[in-house]
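Inside the fold
Here is how the chains run, residue by residue.
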Amino acid sequence: MISRKTWIVLVMTAVALTAFAVQPWAQDSESDDANPLAPCERLVGGKWYSDQNYQVFEWGIGKKSVNGKSYWVVDGEPKLVGEGFFFWHPGDEAIRGYFTGTEMGIDLFEYSLKWEGDSMIADLTTYGSMAGDFEEIWEFTNDSTFEWTLNQIAADGTKSKMMGSTYTRR
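Reading guide: rules and limits
- Counting from 1, residues in each chain are numbered in the order their sequence is written.
- Totals for whole chains, interfaces and linings use every residue, but because this is a predicted model, local features are given only for residues with pLDDT of at least 70 and side-chain atom pairs only at 80 or more, for both listing and counting.
- Note: side-chain values were computed over all heavy atoms of the structure, leaving out hydrogens and water.
- For this document, the term salt bridge refers to a Lys or Arg side-chain nitrogen within 4 Å of an Asp or Glu carboxyl oxygen.
- Pairing between strands is defined by DSSP: at least two bridges between them are needed.
- The way it works is that DSSP assigns letters per residue, a run of H or I at least four long becomes a helix, a run of E at least two long becomes a strand, and they are numbered from the N terminus.
- For every element, the axis is a line fit to its C-alpha atoms; helices are fit only across the contacting stretch, and the angle between N-to-C directions ranges from 0 to 180 degrees.
- Residues count as neighbours in contact if any of their non-hydrogen atoms are within 4.5 Å of one another.
- Excluding any residue in a salt bridge, patches collect residues exceeding 30% relative accessible area, merging like charges within 9 Å and nonpolar Val, Leu, Ile, Met, Phe, Trp and Tyr side chains within 5 Å.
- Values of accessible area rely on a 1.4 Å probe in the Shrake-Rupley scheme; residue burial ignores everything except the protein chains shown.
- Burial status follows relative accessibility: with a 1.4 Å probe on protein chains alone, a residue under 20% of its type maximum counts as buried, one over 50% as exposed, and anything between as partly exposed.
- One number per residue, pLDDT, summarises how confident the predictor is, and it ranges from 0 to 100.

1. Details of the pattern of salt bridges
- Following the criterion strictly, the structure yields 7 salt bridges and no others.
- Glu-116 is the salt-bridge partner of Lys-114, the closest N and O atoms lying 3.3 Å from each other.
- Connected via shared salt-bridge partners are Arg-42, Asp-118 and Asp-143.

2. Digging into the sheet that holds strand β10 (residues 159-169)
- Pairing in this closed barrel of 10 strands is antiparallel, and the strands run β1-β2-β3-β4-β5-β6-β7-β8-β9-β10 around the ring. On average, adjacent strands in this sheet sit at an angle of 25 degrees to one another, irrespective of strand direction.
- Two strands pair when backbone bridges link them, and strand β6 (residues 108-116) and strand β7 (residues 119-127) are joined in this way by 9 bridges, in the antiparallel orientation. In the sheet register, Trp-115 faces β7, and the bridge partner there is Met-120.

3. A few points about the side chain of Ser-119
- Relative to the assigned elements, Ser-119 resides in strand β7.
- Once you skip the residues sitting within four places of it in the chain, Ser-119 turns out to touch Lys-114, Trp-138 and Glu-139.

4. Focus: the pairing of β10
- Looking at chain direction, strand β1 (residues 47-50) and β10 are connected through 2 bridges and run antiparallel. From the neighbouring strand, Tyr-49 faces β10, where its bridge partner is Thr-168.
- Pairing analysis gives 9 bridges linking strand β9 (residues 145-153) to β10, with the strands arranged antiparallel. The residue bridging Phe-146 from the neighbouring strand is Tyr-167, located in β10.
- In this structure, the hairpin formed by β9 and β10 is closed by a connection of 5 residues, where Gly-157 is found at a positive phi of approximately 95 degrees.

5. Topic: a nonpolar patch on the surface
- Side chains of Met-130, Met-162 and Met-163 sit close together on the surface and give an oily, nonpolar patch of about 250 Å² of accessible area.
- Mapped onto the elements of the fold, Met-130 is located in the loop between β7 and β8 (132-142).
- In this structure Met-130 comes out as partly exposed when scored by relative accessible area, which is 38%.

6. Thoughts on the confidence of the model for the protein
- Chain-level statistics for the protein give a pLDDT mean of 86 and a share of 81% at 70 or above.
- Low pLDDT (under 50) marks residues 6-30, which in the prediction has 9 contacts with non-local residues, meaning those over four places away or in another chain.

7. What about unusual backbone geometry?
- Residues other than glycine seldom take positive phi values, yet Lys-63 does so here, at roughly 55 degrees.
- Tracing the chain through its elements places Lys-63 in the loop between β2 (53-59) and β3 (65-74).
- Given the relative accessible area of 28%, Lys-63 is considered partly exposed.
- At Glu-103, a residue that is not glycine, the phi angle is positive and equals roughly 60 degrees.
- With respect to the helices and strands, Glu-103 occurs in the loop between β5 (94-101) and β6.

The structure is reproduced here in structure tokens:
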């Protein structure tokens, strides 16, 4: 037989769990349709290859971030050289990102990005021996290919192309 004290504890626990389950603050604040990261869906899945490197993206918990890893292929083996995530910053009402790197002259990548049609456009500030301000453009030509361009931004605001490549999902 259950004691009165145990019964009260069980009832109170059930009430608390029920209240938590139905409270709006306990639910995801946004549906997939309203998720500001929804355009990032096209990054998720497979591996994006260019020359001897590739990138992998996956959804973070609750689709509140997109986690990414960058690899160089060295002697036929993948070597992790960067990782980080993009997320919606509700205070800034913008997509932000932070990635760390190794062996590339950049220790930290700080992103502010937006989507315009089929293009992801990012203002990028890097920290490390290759510190600077850049613009990164990922222009999707289809669901499995994007053209990547990295422009350096001079102090006067002019942009000059530094690098570019085609990435293909496999």
